[in-house]
Amino acid sequence: MELLANFPLLASLFAIFFAQFVKVPITFFVTKKIDWSLLTSTGGMPSSHSAAVTALSTGIALQTGFDSPIFAVAAIFAIITMFDATGVRRQAGEQAIVLNRLVNDFNKFLNEAKGWQNKPEQEKRKELKELLGHKPIEVFFGGLTGILLTLLLHMLIYYTAI
């Protein structure tokens, strides 16, 4: 099957899974709490988006060369994705934090002022996703993860076949 022989695609998918998985032990090291929800969440260290796009670009560069038009497309795609992760998406996460605080404060006010009905807190409010974007360091290490994993995979696949 040709799809399974597509090295840039496989490297990119591997980088996503690796970056998502490694978030759990990194967070445990920092917080001393295991959070398995990080396997499917956005944000955090390292950036799986950055790992994916740099793995894709690196895999394309290894197969077609740095002077190929397809590498140029992949590189620009990676730059835009990584820039967006530290810009728009991060700002949206910051705004979500403020909005969630406002909603929480408003709910407390209503609870005290009107004797809020006895519903579970989860039914009273719906929190916005706060962990959307990345800090620049998370994007950097995500990108580095993608490049290094792709180079390692390339060596394992192509040099063990010889």
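(A) The arrangement of the overall build of the protein chain in detail. For the protein chain, the count of helices and strands is 6 helices and 0 strands. Starting at the N terminus and walking to the C terminus, you meet the elements of the protein chain as α-α-α-α-α-α. Within the protein chain, the proportion of its 162 residues that are buried is 33%. Counting only contacts in the protein chain whose residues sit at least 6 apart along the sequence, the fraction spanning at least 24 positions is 72%. Just so you have it, the protein chain exposes about 10800 Å², and 70% of that area is on carbon and sulfur atoms.

(B) The side chain of Thr-81, seen in detail. Assignment of secondary structure puts Thr-81 in helix H3 (residues 69-86). Classification of Thr-81 by relative accessible area gives buried; the value is 18%. Those residues in contact with Thr-81 that sit more than four places away from it in its chain are His-49 and Val-53.

(C) Region of the structure containing unusual backbone geometry. We note that Lys-32 has phi near 65 degrees; this positive angle belongs to a residue other than glycine. Of note, Lys-32 is situated in the loop between helix H1 (7-31) and helix H2 (48-64). On the basis of relative accessible area, Lys-32 is assigned to the exposed category, the value being 57%.

(D) Here's a closer look at the side chain of Ser-50. Mapped onto the elements of the fold, Ser-50 is located in helix H2. The class of Ser-50 is buried, set by a relative accessible area of 1%.

(E) Molecular detail of the packing of aromatic side chains. Scanning the entire structure with this criterion turns up 2 aromatic pairs. Measuring from ring centre to ring centre gives 5.1 Å for Phe-66 and Phe-71, while their planes differ by 85 degrees; the resulting arrangement is edge-to-face. Exposure remark for Phe-66: the relative accessible area of 67% places this residue in the exposed category. Owing to a relative accessible area of 16%, Phe-71 belongs among the buried residues under this scheme. The residue whose ring lies beneath Lys-32 is Phe-29, and the NZ or CZ to ring-centre distance is 5.2 Å.

(F) Highlighting a nonpolar patch on the surface. Residues Leu-62, Ile-137, Phe-140, Phe-141, Leu-144, Ile-147, Leu-148 and Leu-151 make up a contiguous nonpolar surface patch of roughly 660 Å² in combined accessible area. With 7 residues, the single largest contributor to the nonpolar patch is helix H6 (residues 136-160). You can call Phe-141 partly exposed: its relative accessible area is 35%.

(G) How the structure looks around H2. Helix length check: H2 (17 residues) gives 24 Å between terminal C-alpha atoms against 24 Å at 1.5 Å per residue, within 8%. Where burial is concerned, most of H2 is hidden: 12 out of the 17 residues are buried. Every buried residue belonging to H2 is among Ser-48, Ser-50, Ala-51, Ala-52, Val-53, Thr-54, Ala-55, Ser-57, Thr-58, Gly-59, Ile-60 and Ala-61, and all of these are buried. On its buried face, H2 sits against H1, H3 and H6. Where H2 begins, the side chain of Ser-47 points an oxygen toward the backbone nitrogen of His-49, at a separation of 3.5 Å. Trailing H2 by a residue or two, Gly-65 shows a phi angle of about 95 degrees, which is positive.

Calculation notes
- Residues numbered from 1 in each chain as written.
- Predicted model: local features only at pLDDT ≥ 70, side-chain atom pairs only at ≥ 80, totals over all residues.
- Heavy atoms only, no water.
- Helix = DSSP H or I, 4+ residues; strand = E, 2+ residues; numbered from the N terminus.
- Buried < 20%, exposed > 50% of the residue type's maximum accessible area, 1.4 Å probe, protein only.
- Contact = heavy atoms within 4.5 Å.
- Areas by Shrake-Rupley, 256 points an atom, 1.4 Å probe, with all protein chains shown as cover.
- Phe/Tyr/Trp six-rings, centres within 6.5 Å; stacked < 30°, edge-to-face > 60°.
- Lys NZ or Arg CZ within 6 Å of the ring centre and 35° of its normal.
- Patch = residues over 30% accessible without salt bridge, like charges linked within 9 Å, V, L, I, M, F, W, Y side chains within 5 Å.
- Salt bridge = Lys/Arg side-chain N within 4 Å of Asp/Glu carboxyl O.
- Expected span 1.5 Å × (residues − 1).
- Polar contact = N/O pair within 3.5 Å; in protein donor to acceptor, adjacent residues only side chain to side chain.

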